[in-house]
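Residue-level structure breakdown
So you can see what is in the structure, the chains are spelled out below.
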Amino acid sequence: MNTVYQPKSIEPKWQKLWEEAHAFEAKSDFSLPKYYCLIEFPYPSGAGLHVGHPRSNTAMDIIARKRRMEGYNVLYPIGWDAFGLPTENYAIANHVAPAKVTRENIDHFRRQLKLLGFSFDYSREVNTTDPNYYKWTQWIFLKLYENGLAYKAEMPINWCPSCKCGLANEEVVNGLCERCGSEVIRKVKNQWMLRITAYAHSLLNGLDSLDFIERVKLQQRNWIGRSEGAEICFDIASTNEKMRVFTTRADTLFGATYMVVSPEHPLIGRLSDRIKNMDELVAYAKEASRKSDFERTELTKEKTGVEIKGIRAINPATAKEIPVWVSDYVLMSYGTGAIMAVPAHDGRDWEFAKKYDLPIVEVVAGGDVQQEAYTDVSTGTIVNSGFMTGMTVEEAKQAMLDKLVEKGLGESKVNYKLRDWVFSRQRYWGEPIPIIHCEQCGPVPLKQEDLPLLLPSVEKYEPTDSGESPLAAIEDWVNVTCPACGGPGKRETDTMPQWAGSSWYFLRYCDPHNQEQFASKEVLDYWMPVDWYNGGMEHTTLHLLYSRFWHLFLHDLGYVSAPEPYLKRTSHGMILGENGEKMSKSRGNVINPDDLVGEIGADAFRMYEMFMGAFDQAIPWSMNGARGCKRFLDRVWRLQGMLDNKCPTITKDMLHPIHTAIKKVSEDFESMKFNTAIAAMMTLVNTFYDKGSVTKGEMRLLLLMLSPVAPHMCEEIWQIQSYGEPIYLQKWPKHEDRYLVLQQVEIAVQINGKVRGRLMVDSSLTTDEANDLLSQNETVRALTEGKQIVKVVFVPGRLLNIVVK
RNA sequence: GCCGCAGUGGUGGAAUGGCAGACACGAUGGACUCAAAAUCCAUUGCCUUCAAAAGCGUGCUGGUUCAAGUCCAGUCUGCGGCACCA
C-alpha cells in the first residue's frame, strides 16, 4: 500500500498511459454530440512556458475533461503560432536559422505542456510555419485579393524605426511599438492592406448574438466605433466646388461659424488658384506630416491651424459665408476629412475658436457658451435656429436631416473608427505574400497549384534600412516571369504579419492533415463553430477581431457554414509575481513551471492556478498558496487510510454534503468559478476527516469531481482502489435535488435586524408556524419580553426577524 | 477627457437583498518527537472586558428597506481600454 503521495512517479505514468491509449484524441464519428474547446495556441518563445499559459490551459482542460465525462466527442487541440519577431531577432543575434530555433522551441514547449497533463489532442498539432499550413494562409490571402479585400496602397503607416517594420494600428500602444517599446513614427509606404472596414457592420452586429463576456464585446464595439450622423454638403462661395462634412450634431448646423479641413484635404489642391496663402498651407501640411502619432497626441493641449485665405464656405442653414481653416486635429482618415465647426457645442471647436477669435453662436440653450462648450444633448433646447427653435436636440437632429434630404444637401450616414488592416511586414520570418509584380499586368496572384510559395533560405535575416524585407536581396527568388504574360516580374518581398496564421488555425484543427483543402466542408460542418474559446484580453482588438473577420469572409464565400467562429469567449486574468508586479526576467520574480512540477507536482500546480483567486482577475503568485494545494492533495491521498473499501454506498449523513458538493462543483466549473468549486471539495474532504471515515462510494464521487483538476492523482487512487476502467472513461456525477435539503436547519433570530439568537427548526417550517414560535418558543419569547411587536419577517431556512418598539 | 471594472481581516479571496469574512495562506499556542520536518488539535476582523456580555466593522457621505458588501444618488482612490473619430 502506497502511504505517501508521490506525484513524481504517478504523473509520468499516467501521461504515458493516456498517450498510449490515445485517450484524448477527438473521434471522427460525426454521429456523436461534439464539443470544441479552444485555447489560444502559444507562441513558442525561447523563454519557455510561463505560468500564465497553464491558467488558460487548465481551465479549458477542466471543461474538456468534464465534457468527455458528459458524453461529448471533444476536440481540445494544441498548436504553435510560430512566426514572429522574437524568433527572428534571436536568430539574428545568434546566427542560427529561424526555422531551427522554432523547431527547438516547439519541442521544449511541447515537453513542458506534456508535464502538466493537459488532455490535448496532440495528433492534430498545427504549426503556422509549416509550408503545409501556410500554403493555406497564402490561399486565403489570394481569396481576399480576388475579392477586392486585399489591396496595395501608398499610405502613411506606423513605422517602428527599431524593428524596421510597419505596424498595424492595433500594434501601437500609446504611440510606442508594442514589441520593442520604441517610438513609432509615420512613414509613407506602399503597403498591403486588408479591407476589414468592409466588415465593420458585420463585426459589430455579430457581437449581439454571441456569448462573449461583456468587456470583450464592449472593447470590440468601442474599437469598431460606430457613429451615426449626417453628411452635409457645403458650397464654396463663388465656385462650383462643394465640400462634404460628417457630423453627429446636425441639430447645431445654425451654429456652424467656420469649417476646418485636414492638411491633406484635396480641396486645397483643387482651389490652389484662388487661395492666397498657398505657401503657408503647404508648410503647415509638411510640418503636420512629419509629426509622429505620438507627437500629435502629445500636443493635444494646444491646437494649431491656418486660415485658408481666398475661399469661404456657405452655411446651408444660415446662408452666411464662413471662413475655412486647416488644422491637423481634423483627420483625413475619418469621415470626409473636413468638419463644420460649432464652437458653442463642441469642446475642440470651442478651444480652436477661442484661440483664433472665431465667432461662437449659441444654438442649444442650457449653458454659458462664452465660458465653455455646452455639449449636453439630453436637456438643452434649440435656440437661434429658425424653424428648429424650441425643439429638443433629438427632434432637431431629425428635423434638420429631413430638411437636408429634401433639399438634396445631405443624407444620414454611419461612420466607423475602424481602419483597414496594414498587412505588410518588412521582415523575413513570416508567410511570403504570393503576388508577383509585373510591369505589364500589375500585381498578379500566384496560381493555386504554385502554392505554397516557400520562404527561401537567406544568408542574412537583418532588416534593411531601406525599409525592404531581407527577401528583396535574393535576386534569383525575386526575379521571376509573370504568370499572366510571361514577361519579367518581381515577387512581393513583404511578408504577412504574425496575425495571419492565427486568423484561421481553429479551422485547420478540424482537418489538420488535409492536402486538398484548408479543411473539408463536411468536417467543418461537424466541428465548427468553436463552442468555448478562452484567451487573453490583450487579443480582443487584434487576433479575436481579425479571426472573426476572416471567418465572416470565408462564410461569405461558402467555405464555412456559420458566420461567426466562436460561440463563447471568456478571458483569464494575468498572474503577477509574488511582489504584485508583472512577472518578468528583469524583475526577477518569474516562477518556472518545471521547478514547480518538481516540487509539488503537476496536479497541485494545476489546482493552485485554479484556486488562487477569481479566474478573470489578475492575481499575485503565492508559493505558500501553491504548497497549500499540495497539502490538500496529500489529505485526499491519505483518505485511503480511512477508506471502507467494502461499502459501495453513501452513508446517510453524507448524502447532503456530497450532493451539495456535486451541484456546486458542476455549476462552478461551468461559470469558471474554479476557486469556489475547489473550496467546496476541500470542505467535503474536511467533512470526511471530521467523520473519521469514508466509504468507497463516497470516495468514488470525490475522485470523479476532482479528476478534471488533479487527473493524475485521481486516476492513481482509482486504480489502487480497483474502481475499474480509468476515470477519463467514467460518467460525470449528477446530484439529486432531494438530498440538497436538510431536515433541520439553524436559523438566525433577529430583533430589528440584529442577530440575537439561533434556533434549530424544521426546514419545512411555514410562515404561520414561524409566527407561532413567538409565543411558544422560549428563546424567542425571552428576546421579545416586554416589547411591542410591530412586524415579523420570516425567511424560510434563513432567519426570523422581529421588529419591535 | 470619454467608456468600463474594482475597493471586504495580516494575505489570496467567499457571500440568489437575509447570520459578513466560506475555503485557503500566514501567525500564535499545544500534542507527537531526543530534535526537526510532516501530521493532528485549538485560537485568529477590530475594540471594551478577569469573565459573561456588549459595541464597531465591506473606500467615503447620504438614501431606499423589517434587513444593504449587494439596490439608488453623490464622492474619493486604484486598474484597464479608447483618445483631436467631428
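The structure reproduced in this document is the subject of the present report.

About the criteria used
- All chains use their own residue numbering, which begins from 1 and follows the written sequence.
- Chains and ligands are labelled by the order in which they are written, letters from A for the one and numbers from 1 for the other.
- Owing to the predicted nature of the model, reporting of local features is limited to residues with pLDDT of at least 70; listing and counting of side-chain atom pairs is limited to 80 or more, with chain, interface and lining totals taken over all residues.
- Side-chain measures here rest on the full set of heavy atoms in the structure, leaving out hydrogens and waters.
- Any two strands with at least two DSSP-identified bridges between them are counted as paired.
- Only DSSP runs of H or I reaching four residues or more are called helices, and only runs of E reaching two or more are called strands; each is numbered from the N terminus.
- To be near a molecule or strand, a residue needs just one of its heavy atoms within 4 Å of it.
- We call two N or O atoms a polar contact when they sit within 3.5 Å, provided that within protein one can donate a hydrogen and the other can accept it, with sequence-adjacent residues counted only if both atoms are side-chain atoms.
- Any residue that is not Ala, Val, Leu, Ile, Met, Phe, Trp, Tyr, Cys, Pro, Asp, Glu, Lys or Arg is counted as polar, Gly included; the first ten are nonpolar and the last four charged.
- Every case where a carboxyl oxygen of Asp or Glu lies within 4 Å of a side-chain nitrogen of Lys or Arg is listed as a salt bridge.
- For every residue, the accessible area obtained with a 1.4 Å probe (protein chains only) is divided by the maximum for its type, and the residue is called buried under 20%, exposed over 50%, and partly exposed between those limits.
- One less than the residue count of a helix, multiplied by 1.5 Å, gives the span that helix is expected to have.
- The criterion for an aromatic pair is that two Phe, Tyr or Trp rings (for Trp, the six-membered ring) have centres within 6.5 Å, with stacked assigned to planes under 30 degrees apart, edge-to-face to planes over 60 apart and tilted to the rest.
- Angles here are taken between N-to-C directions and fall from 0 to 180 degrees, while the axes themselves are lines fitted to C-alpha atoms, restricted in helices to the stretch in contact.

If you trace the four strands from one edge of the open sheet to the other, you get E6-E5-E9-E20, paired in antiparallel fashion. The outermost strands of the open sheet, each flanked by one partner alone, are strand E6 (165-167) and strand E20 (421-422). Both strand E5 (residues 150-160) and strand E9 (residues 185-194) contribute to a ladder of 10 bridges, which runs antiparallel. Bridge pairing in E9 places tryptophan 159 opposite isoleucine 185.

Before going further, it helps to spend a moment on the protein's contact with RNA strand B. The environment of RNA strand B is made up of 48 residues, and the closest members are Lys303, Tyr329, Arg348, Lys417 and Arg758. At a separation of 3.3 Å, a sugar or linking oxygen of RNA strand B approaches a polar side-chain atom of lysine 417. Methionine 612 has a polar backbone atom sitting 2.5 Å from a sugar or linking oxygen of RNA strand B. For the surface near RNA strand B, the element with the highest residue contribution is helix H21 (residues 674-691), accounting for six residues. In terms of residue class, the surface near RNA strand B is made up of 20 nonpolar, 13 polar and 15 charged.

What follows deals with the pattern of salt bridges. On inspection of all chains with the given rule, the structure shows 40 salt bridges. A salt bridge links aspartate 107 to arginine 110; the shortest N-O distance between them is 3.0 Å. Residue aspartate 107 and its partner arginine 110 are both found in helix H4 (residues 98-115); the two are separated by three residues, about one turn of the helix. Where arginine 249 meets aspartate 251, a salt bridge forms, and the shortest distance between an N and an O atom there is 3.0 Å. Across the pair, exposure class does not vary: arginine 249 and aspartate 251 are buried alike.

Here E9 runs beside E20; their pairing, made up of two bridges, is antiparallel. When the sheet's bridge partners are listed, methionine 193 is paired in E20 with valine 422.

Relative to the 22 Å expected for 16 residues at 1.5 Å per residue, helix H5 (residues 131-146) spans 22 Å between its end C-alpha atoms, a close match to the ideal helical length. Where H5 begins, the capping side chain belongs to aspartate 130, and its oxygen is found 2.9 Å from the backbone nitrogen of asparagine 132. Directly beyond the C-terminal end of H5, a positive phi value near 75 degrees is found at glycine 148.

Let us look at the packing of aromatic side chains. Under the counting rule described, the total for this entry stands at 48 aromatic pairs. Plain terms: the ring middles of tyrosine 35 and tyrosine 72 are 5.8 Å apart, the flat faces sit at 70 degrees to each other, and that makes the pair edge-to-face. One end of the pair, tyrosine 35, is in strand E1 (residues 34-39); the other, tyrosine 72, is in the loop between helix H2 (52-69) and strand E2 (73-75), with 37 residues separating them in the sequence. Relative accessible area serves as the criterion here: at 10%, tyrosine 35 is assigned to the buried category. Ring plane angle 5 degrees and centroid distance 3.6 Å describe the contact between tryptophan 421 and tyrosine 546, whose orientation is recorded as stacked. Separated by 125 residues along the polypeptide, tryptophan 421 in strand E20 and tyrosine 546 in helix H16 (residues 543-556) bring together distant segments of the chain. You can call tryptophan 421 buried: its relative accessible area is 1%.

Attention shifts here to the sheet that holds strand E34 (residues 799-804). Across the sheet, which stays open at both edges, the four strands sit in the order E32-E31-E34-E33 with mixed pairing between neighbours. The open sheet terminates on both sides in strands that have one partner only, identified here as strand E32 (754-762) and strand E33 (789-795). Along the sheet, successive strands turn relative to each other by an average axial angle of 20 degrees, direction set aside. Examined bridge by bridge, strand E31 (residues 744-751) and E34 share four bridges and lie parallel to one another. The residue of E34 that forms the bridge with alanine 748 is leucine 799.

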